[in-house]
Amino acid sequence: MSQEVSQLLSLITSSVKAIEDEFAASGVSAIPSLNSTDTHPLDLKPLKPVRDQLRILEGACAQLCATLAPPVCTVTDRVSNAIFDRTCLEVVVSCKIADLLKDKPDGMHIDQLGKAAGIEPGKSEQIMRYLATSHIFAEVKEGVFSNNRLSIQLLEETPTYAYVQFRVDQTNRAACTLLETLLDPVRGPSYEGKDAAICKAYNWPEGWFDWHAQTEEGRKEAELFGRVMTAFDYAVAVQAVVTDYPWRDLAPGSTICDIGSGHGTVAVEIAKAHPGLKLILQDMPTLLKYAEESFWPKECPCALQEQKVEFIPIDFFTEAPAAGCDIYFLKGILHDWSDELCVKILKNIRKVMRPNSKVLINEHLLLPATALPTPLSSPNSAPAPLLSNTGAGRLRLYSLDVSLLTLLNSRERFLQEFVTIAQQASLKFKSTWDAGDTYILEFVVA
Ligand SMILES: C[S@@+](CC[C@H](N)C(=O)[O-])C[C@H]1O[C@@H](n2cnc3c(N)ncnc32)[C@H](O)[C@@H]1O
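Residues numbered from 1 in each chain as written. Predicted model: local features only at pLDDT ≥ 70, side-chain atom pairs only at ≥ 80, totals over all residues. Heavy atoms only, no water.

Engineer: What's the story with the side chain of asparagine 409 in this structure? I'm lost.
Structural biologist: By the secondary structure assignment, asparagine 409 is in the loop between α17 (395–408) and α18 (415–423). Residue asparagine 409 is classed as buried on the basis of its relative accessible area of 7%. A distance of 3.1 Å separates a polar side-chain atom of asparagine 409 from the backbone oxygen of serine 190. Within the structure, asparagine 409 has its side chain in polar contact with the backbone oxygen of glutamate 192 (distance 2.9 Å). (Helix = DSSP H or I, 4+ residues; strand = E, 2+ residues; numbered from the N terminus. Buried < 20%, exposed > 50% of the residue type's maximum accessible area, 1.4 Å probe, protein only. Polar contact = N/O pair within 3.5 Å; in protein donor to acceptor, adjacent residues only side chain to side chain.)

Here you go:
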C-alpha cells in the first residue's frame with residue numbers, strides 16, 4: 001500500500017471513530033440508518049469536533065477514491081452526475097415526490113407513485129432508481145420506493161425544498177451562461193453585479209439584488225431567497241455562530257445590529273439563547289416584512305412580545321445603520337460585493353459606532369487547493385496528505401464561490417483581504433472565531 005493511501009485510510013478510520021464517540025456522548029448514541037426517516041439531535045446542531053472530523057472524513061474519502069479509481073471514470077462520472085443529480089432533483093421537487101411518500105413507511109409501488117406524480121411509471125422508475133442509488137430515497141424492494149433520511153429534506157415544508165428549487169431553476173439557468181459571460185468582451189473583465197451571468201441569462205439591466213428590490217417578481221423571489229438562506233445556514237452549521245462566539249459575555253441589554261439580516265436565521269437563535277440581548281434586524285423592506293409577520297412570530301414570539309427585536313429597513317450603501325449598537329453583525333454580506341462597495345458598507349457602519357462597538361464579519365475564508373501543509377498562521381488546518389483546504393471536506397465553500405461569481409460577479413475572500421478592506425474603513429482586526437464552516441472576524445475602531 002502506498003504511504004498516501006495508508007495515510008488516507010488511517011484518517012478515515014480515526015475520523016469515523018471520533019464521530020461515533022460524539023454520537024455516543026450526545027445522549028442518543030444510535031446512529032440512524034440512512035434508510036430510516038429518523039432524525040438525530042446532531043443533524044441540525046453538529047458539535048465542533050463532529051464538524052471538524054466530518055470534513056476530514058469527506059476530504060479523505062474523496063481523495064482516496066480519486067487516487068484509486070481509473071481517472072477516466074472519475075472525470076466522466078463527475079460531469080454526468082452533476083447534470084443528472086440536478087435534473088432528477090428538479091423532477092422530484094417539482095412533482096413533490098417526497099410529499100407523496102410522506103407517512104408511507106412501506107413505500108409506494110412505482111406504478112402508483114408515477115401515476116400520482118403525473119409521470120409515466122417506467123420513466124419515474126428511472127429517475128427514482130438513479131436517486132436511490134445515490135442514497136436520496138430508498139428502494140425498499142424492487143420497484144417500491146420510500147422516503148429516507150435524505151429525501152425528507154425534500155418535503156415542501158422544509159427550507160431545503162426552497163434551496164433545491166432555487167438552485168435547479170434560477171442558479172442553473174444563470175450557470176448555463178457562465179462560459180459565454182466569462183468570454184464576453186464587456187462582462188468578462190467586469191466585477192460589477194450588473195455584468196454577472198444571471199443578468200445576461202435573464203436580460204436584466206441591473207444586478208440580482210436590484211432585481212429583488214425593484215420588480216414585483218423579484219420581491220416574490222426575495223421572499224423565497226430568505227428560505228434558501230435558512231437551508232444554507234443549516235448546511236454550514238450556522239448554530240456554531242451562536243454557540244462558539246462569546247455572546248454571553250455581553251452585558252444584559254446590549255444591542256446587536258444584524259445588517260443584511262434576511263429573516264434573521266442567526267439573530268433568532270441568538271435571541272433564544274440570550275434573551276437579555278436586544279436585536280435590530282436591517283435589510284430590504286420585503287425581507288423584513290416576512291421576518292416580522294411570519295418568521296419571528298413562529299420562531300421566537302417572546303422576543304416580539306418583550307420588544308427585544310426591531311425591524312428597520314436599510315439600504316446599506318446609502319444609509320448608516322442604527323447608531324451606537326454594541327455589535328454590528330454582517331453575515332454573508334461582504335462576499336456579495338466588490339472591495340469598493342464593501343468599504344462603502346463598512347464606512348456607513350463606522351460612522352455610527354461608539355468607541356467600544358465591535359464589527360463582526362461572518363464569512364467563509366478561502367485557502368488555496370495546494371497539497372502543501374497549511375501555514376501555521378491560517379485559521380484552517382488539514383492533516384497530510386489532504387489538500388490544505390481539505391478538498392471535498394470544504395467543497396461547499398468553493399461551489400458557493402462559483403455561485404457568487406455566477407449570480408453577483410463577486411467572490412469569497414482570504415483572511416488578509418478582509419483585514420485590508422476593513423482598514424480602508426478605519427477598522428482594526430482583533431481576532432478570529434471558528435464558527436462551523438464559517439469564521440467570525442472581530443474588528444474594532446482603529
Ligand atoms: C446572502 S444574504 C445574507 C442574509 C443573512 N445575513 C444570512 O446570512 O442568512 C444577503 C442579504 O443582503 C440583503 N441586501 C442586499 N442588498 C442590500 C442593500 N442594498 N441594503 C440592505 N440589504 C441588502 C439581501 O436582501 C439579503 O438578505
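Moving on, there is more to tell.
Engineer: Would you mind showing me how to read helix α14 (residues 285–299) here?
Structural biologist: For an α-helix, the turn length of 3.6 residues means that residues three or four places apart are oriented alike. Over its 15 residues, α14 extends 20 Å from the first C-alpha to the last, a length consistent with the 21 Å expected when each residue adds 1.5 Å. Approximately 45° is the largest bend angle found in α14, and it occurs at alanine 291. Among the residues of α14, Thr286, Leu287, Leu288, Ala291, Phe295 and Trp296 are the ones counted as buried. (Expected span 1.5 Å × (residues − 1). Bend = angle between axes of the 7 residues up to and from the residue.)

Engineer: When you look at unusual backbone geometry in this model, what are you seeing that I'm missing?
Structural biologist: Note: most residues except glycine have negative phi, and most peptide bonds are trans. With an omega dihedral of 5°, the bond running from alanine 384 to proline 385 counts as a cis peptide bond. In this structure, proline 385 sits in the loop between β8 (358–363) and α17. Although it is not a glycine, lysine 96 adopts a positive phi angle of roughly 50°. The phi dihedral of histidine 135 is positive, around 75°, even though this residue is not glycine. Considering the arrangement of structural elements, one finds histidine 135 in the loop between α6 (121–133) and β2 (138–141). The exposure class of histidine 135 is partly exposed, given its relative accessible area of 44%.

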